[in-house]
Amino acid sequence: MVYRASWSRVLFMIVNTIVLVGVTLLGILPFIHLLSVSLSSNIAAVAAQVKLWPVGFTLDAYQYLAQKVEFIRSLKVSLERVILGTAISMFLTIITAYPLSKSREQFDFRTLYVWFFAVTMFFGGGLIPTYIVVKETGLINSIWALIVPGALNVWNMVMLLNFFRNIPKDMEEAATIDGAGQWAILIRVYLPVSLPSLATILLFTIVGHWNSWFDGILYMNSPEKYPLQTYLSTLVTAINKAAISIDDLKRLEEVSEKTLRTAQIFLGALPIMLVYPFLQRYFIKGITVGSVKE
């Protein structure tokens, strides 16, 4: 028997395909345009002649950024921040979500602790109190000022908590009968089956640390300790021509502010675009499963 789709099914598939292709192009074309502008000549970029293909191909914008010692130094700071910040954040998220996922019979005052964390999602001390706390704890002008204040993201913790609560209790009971303690149950039972949620939280954490720029300006007194996003922001928005060399001035004549801005945006988004495909297959499942229960 040959199956023939009805006209309504065919129409749905056509419309669905057109919509999905359109949404995909809306996501891809802006990045292609950014890359094209950053690779175009100064005149073409300023005259808005660049669309989806470079005009007057040149790598001047990237050469100007890459040859700067400050650029390499800020890149190292960002990499250090992402590695340390992600590791610490994932560890704190896991060890906080695991006990809070237990029932009231297993963990007294569980509800009280959950509300203690949940309140911070809706109310915050504000910028000035946060700065005072960071300053008084001696974190100013250190890499830890970029990591410690936001080390535990409560939203991520709640999502992982809900994922843990969906894991069948029979698995934990079987591990307990075999003599496993809480650490062994967490590492050998909970974490292996929580990869979708963990990958989603990992992606959120990496993106958050990599894209953050304001805290670098706020907590760092020395430009030498700026993360990449903070350095690129100050480079593009406030080029002090009185403080740079003659060679840099000559190169700035060849590189427009527009090409520098697009190079900045593209470089800032590139690492995330490289990481996302490896975590994408866990992303949707982690979001949906981790947001169902209380």
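Residues numbered from 1 in each chain as written. Predicted model: local features only at pLDDT ≥ 70, side-chain atom pairs only at ≥ 80, totals over all residues. Heavy atoms only, no water.

Draft legend 1. Examining the overall build of the protein chain more closely. Helix and strand counts for the protein chain come out as 14 helices and zero strands. Helices (α) and strands (β) of the protein chain occur, in sequence order from the N terminus, as α-α-α-α-α-α-α-α-α-α-α-α-α-α. Counted over contacts in the protein chain with a minimum sequence separation of 6, partners at least 24 positions apart contribute 73%. Carbon and sulfur atoms make up 69% of the accessible area of the protein chain, which amounts to about 17,700 Å² in all. (Helix = DSSP H or I, 4+ residues; strand = E, 2+ residues; numbered from the N terminus. Contact = heavy atoms within 4.5 Å. Areas by Shrake-Rupley, 256 points an atom, 1.4 Å probe, with all protein chains shown as cover.)

Draft legend 2. Structural detail: the packing of aromatic side chains. For the coordinates displayed, the defined rule picks out eight aromatic pairs. Seen from their ring centres, Y98 and Y190 are 5.1 Å apart, and the 85 degrees between their planes marks the pair as edge-to-face. A residue pair is termed long-range when its members are at least 10 positions apart, and Y98 in helix α4 (residues 69–100) and Y190 in helix α9 (residues 182–193) qualify at 92 residues. What makes Y190 buried here is its relative accessible area of 0%. (Phe/Tyr/Trp six-rings, centres within 6.5 Å; stacked < 30°, edge-to-face > 60°. Buried < 20%, exposed > 50% of the residue type's maximum accessible area, 1.4 Å probe, protein only.)

Draft legend 3. The nonpolar core, seen in detail. Y62, L65, F71 and L232 are the most contacted members of the largest nonpolar core, which totals 23 residues. Sorting the residues of this core by element identifies α3 (60–66), α4, α10 (195–211), α12 (228–237) and α14 (257–289) as the ones contributing at least two each. Here the element with the most residues in this core is α14; it accounts for five residues. Setting aside its immediate chain neighbours within four residues, Y62 contacts L35, S38, L39, A263, F266 and L267. Core analysis: the second largest hydrophobic core is formed by 21 residues, M157, M159, A175 and L186 among them. (Core = buried A, V, L, I, M, F, W, Y, C linked by side-chain atoms within 4.5 Å.)

Draft legend 4. Spotlight on unusual backbone geometry. Not every positive phi belongs to a glycine, and F109 is a case in point at roughly 60 degrees. Examined against the element boundaries, F109 turns out to sit in the loop between α4 and α5 (110–119). The exposure class of F109 is exposed, given its relative accessible area of 62%. Unusually for a residue other than glycine, N141 sits at a positive phi of about 65 degrees.

Draft legend 5. Quick look at α10. Between the first and last C-alpha of α10 there are 24 Å, a value that for 17 residues agrees with the 24 Å anticipated at 1.5 Å per step. Along α10, the residues that are buried comprise P196, S197, L198, A199, T200, I201, L203, T205, I206, H209 and W210. (Expected span 1.5 Å × (residues − 1).)

Draft legend 6. Spotlight on the environment of Y276. One can find Y276 in helix α14. As a C-alpha pair, Y276 and L203 span 73 residues in sequence and 7.2 Å in three-dimensional space.

Draft legend 7. A look at the side chain of T93. On the secondary structure map, T93 appears in helix α4. Given a relative accessible area of 1%, T93 falls into the buried group. Here the side chain of T93 touches S89 through a polar contact of 2.7 Å, landing on its backbone oxygen. (Polar contact = N/O pair within 3.5 Å; in protein donor to acceptor, adjacent residues only side chain to side chain.)

Draft legend 8. Representation of the packing of helix α8 (residues 169–177) against α9 within the structure. The interhelical angle for the contact between α8 and α9, taken along N-to-C directions, is 145 degrees, at an axis separation of 10 Å. In this structure, α8 crosses over α9, and the sense of that crossing is right-handed. When α8 is examined against α9, the residues K169, M171, E172, A175 and T176 are found in contact with a partner set consisting of Q182, I185, V189, Y190 and V193. Class assignment for the residues of the contact of α8 with α9 results in six nonpolar, two polar and two charged. (Axes fitted to C-alpha atoms, helices over the stretch in contact; angles between N-to-C directions. Left-handed = near helix turned anticlockwise from the far one by under 90°. Nonpolar A, V, L, I, M, F, W, Y, C, P; charged D, E, K, R; others polar.)

Draft legend 9. How the structure looks around the confidence of the model for the protein chain. With 85% of its residues at a pLDDT of at least 70, the protein chain reaches an overall mean of 82. Here residues 290–294 scores under 50 on pLDDT; set against residues more than four positions off or in separate chains, the count is twelve contacts. (pLDDT = per-residue confidence, 0-100.)

Draft legend 10. Structural detail: the pattern of salt bridges. A complete count under the given rule lists two salt bridges for this structure. As a salt-bridge pair, D215 and R81 come within 2.6 Å of each other at their nearest N and O atoms. Placement of D215 in helix α11 (residues 214–219) and of R81 in helix α4 is noted, with a sequence separation of 134 residues between them. Just as D215 is buried, R81 falls in that class too. For K102, the salt bridge goes to E172, with nearest N and O atoms at 2.8 Å. With a gap of 70 residues between them, K102 in the loop between α4 and α5 and E172 in helix α8 connect regions that are remote in the sequence. For the pair shown, K102 and E172 are each scored as buried. (Salt bridge = Lys/Arg side-chain N within 4 Å of Asp/Glu carboxyl O.)

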